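# Summary of the model geometry
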Amino acid sequence: MEKDVWRSLRKYTPARIAIGRAGGSLPTGEVLDFAWAHAEARDAVKMELDVEKLAGAIEELGVKCHRLESAAGDRESYVRRPDLGRRLSDESRRVLEGLNPPTASCDVAIIVADGLSAMAAQGQAVRVLEGLLPMLASSKIGVGPVCVVRNGRVAIEDEIGEMLGAKAAVILLGERPGLGTADSLGAYLVFGPKVGRTDAERNCVSNIREAGMRAEVAAETIGYLLGEALRRRISGVGLKDERVRRIDQSVDAKLAQ
């Protein structure tokens, strides 16, 4: 019998390769696995963020949290009206206006939001912050209170960062679930946050999860990018992870010897 070279590759990827067949159909196990992954993705989108539980866990790291929400009052509105998820509710805006005098500006505003996977925010955000907060402190980068936002999208970091007078902002939020990646967290950072920033002005660190980029590695990458953004006063397409370039140059130099 000819060896199935594809089957041996399955241990290296969660992608659906070499799934086989049963006559003209898929094997029952593969059909059930697909249905399970699809259900997980749907549940991740519909799941409500437990703001109190998440904020409590973050405050155990030694930082204060503000509990906020976007203008999308519920998950259905959030999914149907992306624009509402990009701005704060009137009540949350009043909270920040009352708690943030001009003298309280910080270097970095950190936001945690559910995005399209509350499961990811609930499970991954604290672990990223465990590595990121000490790193920023050691670099003397001032961090304001962490804002935990229900029904938030990426661009809500612009309004929050601007209201807090932050030099930069980073938001950790659940990414759009895939079939088998329902718990993936993304981090988006921007220098000079203000309403109207574009995606080209942001840097993204994605696929933060156990089976992807581990939390401690993500924290190092986010910390590096934030430090460079503040030092060079840029973010987005003009800011790259130069650590990769230095590694490549080192390897090339050794090969040339």
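Before reading further, recall that the structure is shown in the block above.
The model shown is predicted, which means the values in this text are computed figures rather than measured ones. (Residues numbered from 1 in each chain as written. Predicted model: local features only at pLDDT ≥ 70, side-chain atom pairs only at ≥ 80, totals over all residues. Heavy atoms only, no water.)

### Side note on the overall build of the protein chain
The cut-off we apply is this: The secondary structure listing takes helices from DSSP runs of H or I that are at least 4 residues long and strands from runs of E that are at least 2 residues long, numbered from the N terminus. Type-normalised accessible area, obtained with a 1.4 Å probe on protein chains alone, sets the label of each residue: buried when under 20%, exposed when over 50%, and partly exposed for intermediate values. We call two residues in contact whenever any of their non-hydrogen atoms come within 4.5 Å of each other.
For the protein chain, the count of helices and strands is eight helices and six strands. Seen in sequence order, the protein chain has helices and strands lined up from the N terminus as α-α-β-α-α-β-α-β-α-β-β-β-α-α. Based on the C-alpha atoms only, the size of the protein chain along its principal axes is roughly 75 × 60 × 35 Å. Taking all 257 residues of the protein chain together, the buried fraction comes to 41%. Partitioning the contacts of the protein chain with sequence separation of at least 6, the portion at a separation of at least 24 is 68%.

### Remarks on a nonpolar patch on the surface
Our working rule: Grouping into patches uses exposed residues only, defined as over 30% relative accessible area, and leaves out salt-bridged ones; the cut-off is 9 Å for like charges and 5 Å for nonpolar side chains (Val, Leu, Ile, Met, Phe, Trp, Tyr). Areas reported here follow the Shrake-Rupley algorithm with a probe of radius 1.4 Å; residue values treat only the protein chains shown as occluding. Here, a salt bridge means any Lys or Arg side-chain nitrogen found within 4 Å of an Asp or Glu carboxyl oxygen.
There is a patch of nonpolar side chains on the surface, built from Val-5, Trp-6, Leu-9 and Tyr-12 and spanning about 480 Å² of accessible area. Tracing the backbone through its elements, the reader meets Tyr-12 in the segment before helix H1 (28-46).

### Concerning the pattern of salt bridges
It is possible for side chains of opposite charge to pair when their charged atoms get near one another. Considering all chains together, one arrives at 19 salt bridges under this definition. Residue Asp-114 is joined to Arg-75 by a salt bridge in which the shortest nitrogen-to-oxygen separation is 3.3 Å. Placement of Asp-114 in strand E2 (residues 108-115) and of Arg-75 in helix H3 (residues 75-80) is noted, with a sequence separation of 39 residues between them. For Arg-75, a relative accessible area of 7% gives the class buried.

### Some details on the nonpolar core
Convention followed: Only buried residues count toward a nonpolar core. Its members are Ala, Val, Leu, Ile, Met, Phe, Trp, Tyr and Cys residues joined through side-chain atoms within 4.5 Å.
By size, the foremost hydrophobic cluster in this structure holds 41 residues, and its most contacted members are Ile-58, Ile-110, Val-112, Leu-172 and Ile-222. At the level of elements, helix H2 (51-59), E2, helix H5 (118-138), strand E3 (146-150), strand E4 (168-174), strand E5 (185-191), strand E6 (202-208) and helix H7 (215-232) are the ones that each hand at least two residues to this core. Per-element accounting of this core gives the leading share, 10 residues, to H5. In this view, Leu-172 contacts Ile-111, Val-112, Ala-113, Ala-125, Val-128, Leu-129, Leu-185, Gly-186, Ala-187 and Ile-222; residues no more than four positions away in its chain are not counted. Residues Leu-88, Ala-113, Cys-147 and Val-190 belong to the second largest nonpolar core, which totals 18 residues.

### Description of the packing of aromatic side chains
The test is simple: Whether two aromatic rings pair depends on their centres lying within 6.5 Å, for rings of Phe, Tyr and Trp, where Trp uses its six-membered ring; planes under 30 degrees apart make the pair stacked, over 60 edge-to-face, and the rest tilted. We call a charge positioned over a ring when the NZ of a Lys or the CZ of an Arg lies within 6 Å of the ring centre and within 35 degrees of the ring normal.
In the structure shown here, the tally under the stated rule is zero aromatic pairs. A cation sits over an aromatic face here: Arg-153 above Tyr-78, 4.2 Å from the ring centre. Cation over ring: Arg-243 sits above Tyr-224, and NZ or CZ is 4.9 Å from the ring centre.

### Digging into the packing of H5 against H7
How two helices sit against one another is set out by the angle between their axes and by the gap between those axes. Formally: Angles here are taken between N-to-C directions and fall from 0 to 180 degrees, while the axes themselves are lines fitted to C-alpha atoms, restricted in helices to the stretch in contact. Two helices cross in a left-handed way if the nearer one is turned anticlockwise from the farther one by less than a right angle. They cross in a right-handed way if the turn is clockwise. Polar here means any residue other than Ala, Val, Leu, Ile, Met, Phe, Trp, Tyr, Cys and Pro, which are nonpolar, and Asp, Glu, Lys and Arg, which are charged; Gly is therefore polar.
Following both chains from N to C, one finds H5 and H7 inclined at 40°, their axes separated by 8 Å at the closest point. For the element pair H5 and H7, the recorded crossing hand is right-handed. Of the residues in H7, those in contact with Arg-127, Val-128, Gly-131, Leu-132, Met-135 and Leu-136 of H5 are Ala-215, Ala-219, Glu-220, Ile-222, Gly-223 and Leu-226. Here the contact of H5 with H7 is built from residues that sort into eight nonpolar, two polar and two charged.

### Structural notes on the side chain of Glu-175
Cut-off, in case you're wondering: Only four residue types enter the charge count: Lys and Arg as positive, Asp and Glu as negative, with His and the chain ends excluded.
Relative to the helices and strands, Glu-175 resides in the loop between E4 and E5. Arg-209 provides the closest opposite charge to the buried, unpaired Glu-175, separated from it by 6.8 Å. Apart from the residues within four sequence positions on either side, Glu-175 is in contact with Leu-116, Ser-117, Ser-184, Leu-185, Gly-186, Tyr-188, Ser-206 and Asn-207.

### Section: H2
An α-helix turns once every 3.6 residues. As a result, residues three or four positions apart point the same way. Test applied: Throughout, the arc means the angular range of directions from the helix axis out to the C-beta atoms.
Those residues of H2 that fall on the buried side of the exposure criterion are Val-51, Leu-54, Ala-55 and Ile-58. Here the buried residues of H2 occupy an arc of 95° about the axis, which is enough to place them on one side. Summarising the geometry of H2, the exposed residues directed more than 90 degrees from the buried face are Glu-52 and Lys-53. Structurally, H2 contributes buried residues whose contacts are with strand E1 (65-69), E2, H5 and E3.

### Examining the sheet that holds E5
Heads up, the rule is: Here, any two strands with at least 2 DSSP bridges between them count as paired.
Strand order in this open sheet of six strands is E1-E3-E2-E4-E5-E6, and the pairing throughout is mixed. Bordering the open sheet on either side are E1 and E6, each of which pairs with just one other strand. Along the sheet, successive strands turn relative to each other by an average axial angle of 20°, direction set aside. As judged from the three bridges shared by E2 and E3, these two strands associate in the parallel manner. Looking across to E3, one finds that Ala-113 is bridged to Val-149. Across the face of the sheet, H2 comes into contact with E1, E2 and E3 while running at roughly 155° to E1. Contacts from helix H4 (residues 90-99) reach E1 and E3 within the one sheet, and its direction differs from that of E1 by about 150°.

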